[in-house]
Amino acid sequence: MSFNSGDTDCFDIPAAKAELRKAIREARRALDQNERQVQAAAVAEHIAHLPQLSLMHGGVLLAYMPMRYELDILPAVLKLRGLGFEIAFPLCTEEHGLRLLIPPEDGFRKGAYGITEPVPELSREVAPEDLAAILLPAIGFDKSFARLGQGGGYYDRLLAKTSCLTVACGFDCQLVERVPTEPFDRKVDIIVTPSWVGEGSAE
């Protein structure tokens, strides 16, 4: 999957992003449960063996609770805890930002749209500059390390406040030929799928 920009002066990048999001979501939905589990386990193993993470010997790492049809990163989270990381999770705010919270194991609740989120009253809050690394949710990505998000801009605003290591992960079907990008889109440092692990230079 990719897009064809043609004349970049008149090319509608937001529309191209929306079209690519739709195509990748359809591909994710087509995966059966067994394939999802196999791919999630493979990604967890890759992440646990990334030298950029293992050599940190711990720190605060921001993960996320997977939504329906997203890759289950919780196997990876368990392995990262074993490497000494404290795991923070995001909480969306009314101002379209993210609070970064480290909850206890029983410190979660169902939030908007049924998404599992940390309970602020039970959690310790950290700042973007406290993060050693982020596991970024993504709809898609390419081998130039461009990332296609959900479109809300939550992580774009967060990434503007930190220079920590960024890791995007997903199913093999989420790695596409080319992701349409805009000037505010920041590339990621590492991409992990079951079949490909790549290291770039974030911009």
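Every value quoted in this text rests on a predicted model; they were computed, and no experiment measured them.

K.L.:
Go over helix H1 (residues 13-29), please, and point to the residues and values.
P.N.:
Side chains that are three or four residues apart share a direction in an α-helix, a result of its 3.6 residues per turn. For H1, built from 17 residues, the straight-helix expectation of 24 Å at 1.5 Å per residue is met to within 8% by its first-to-last C-alpha distance of 24 Å. Taken together, the buried positions of H1 are occupied by Ala-16, Lys-17, Leu-20, Arg-21, Ile-24 and Arg-28. The arc that holds the buried residues of H1, viewed along the axis, is 135°, so those residues lie on one side. Away from its buried face by more than 90 degrees, H1 exposes Glu-19 and Lys-22. One side-chain oxygen of the residue at the start of H1 lies 3.1 Å from the amide nitrogen of Ala-15, identifying that residue as Asp-12.

K.L.:
Any chance you could break down the packing of helix H2 (residues 33-48) against helix H4 (residues 74-82) for me, citing the residues and the numbers?
P.N.:
Two numbers describe a pair of packed helices, the interaxial angle and the distance between the axes. Packing of H2 against H4 brings their axes to within 8 Å, and their N-to-C directions diverge by 25°. Here H2 is positioned roughly parallel relative to H4, judged by the angle of their axes. At the point where H2 passes H4, the crossing takes the right-handed sense. Between H2 and H4, the residues in contact are Ala-44, Glu-45, Ile-47 and Ala-48 and Pro-75, Ala-76, Lys-79 and Leu-80, respectively. Of the residues that constitute the contact of H2 with H4, the class distribution is 6 nonpolar, no polar and 2 charged.

K.L.:
Account for the confidence of the model for the protein chain, naming residues and giving values.
P.N.:
Of all residues in the protein chain, 93% attain a pLDDT of 70 or more, and the chain-wide mean is 91. When pLDDT is averaged over each helix and strand of the protein chain, the minimum, 90, is found for helix H5 (residues 154-159) and the maximum, 98, for strand S11 (residues 190-192). The low-confidence segment residues 3-10, where pLDDT is below 50, has 7 contacts with residues more than four positions distant or belonging to other chains.

What counts, and at which threshold
Residues numbered from 1 in each chain as written. Predicted model: local features only at pLDDT ≥ 70, side-chain atom pairs only at ≥ 80, totals over all residues. Heavy atoms only, no water. Helix = DSSP H or I, 4+ residues; strand = E, 2+ residues; numbered from the N terminus. Expected span 1.5 Å × (residues − 1). Buried < 20%, exposed > 50% of the residue type's maximum accessible area, 1.4 Å probe, protein only. Arc of directions from axis to C-beta. Polar contact = N/O pair within 3.5 Å; in protein donor to acceptor, adjacent residues only side chain to side chain. Axes fitted to C-alpha atoms, helices over the stretch in contact; angles between N-to-C directions. Parallel < 35°, antiparallel > 145°, perpendicular 65-115°, else oblique. Left-handed = near helix turned anticlockwise from the far one by under 90°. Contact = heavy atoms within 4.5 Å. Nonpolar A, V, L, I, M, F, W, Y, C, P; charged D, E, K, R; others polar. pLDDT = per-residue confidence, 0-100.

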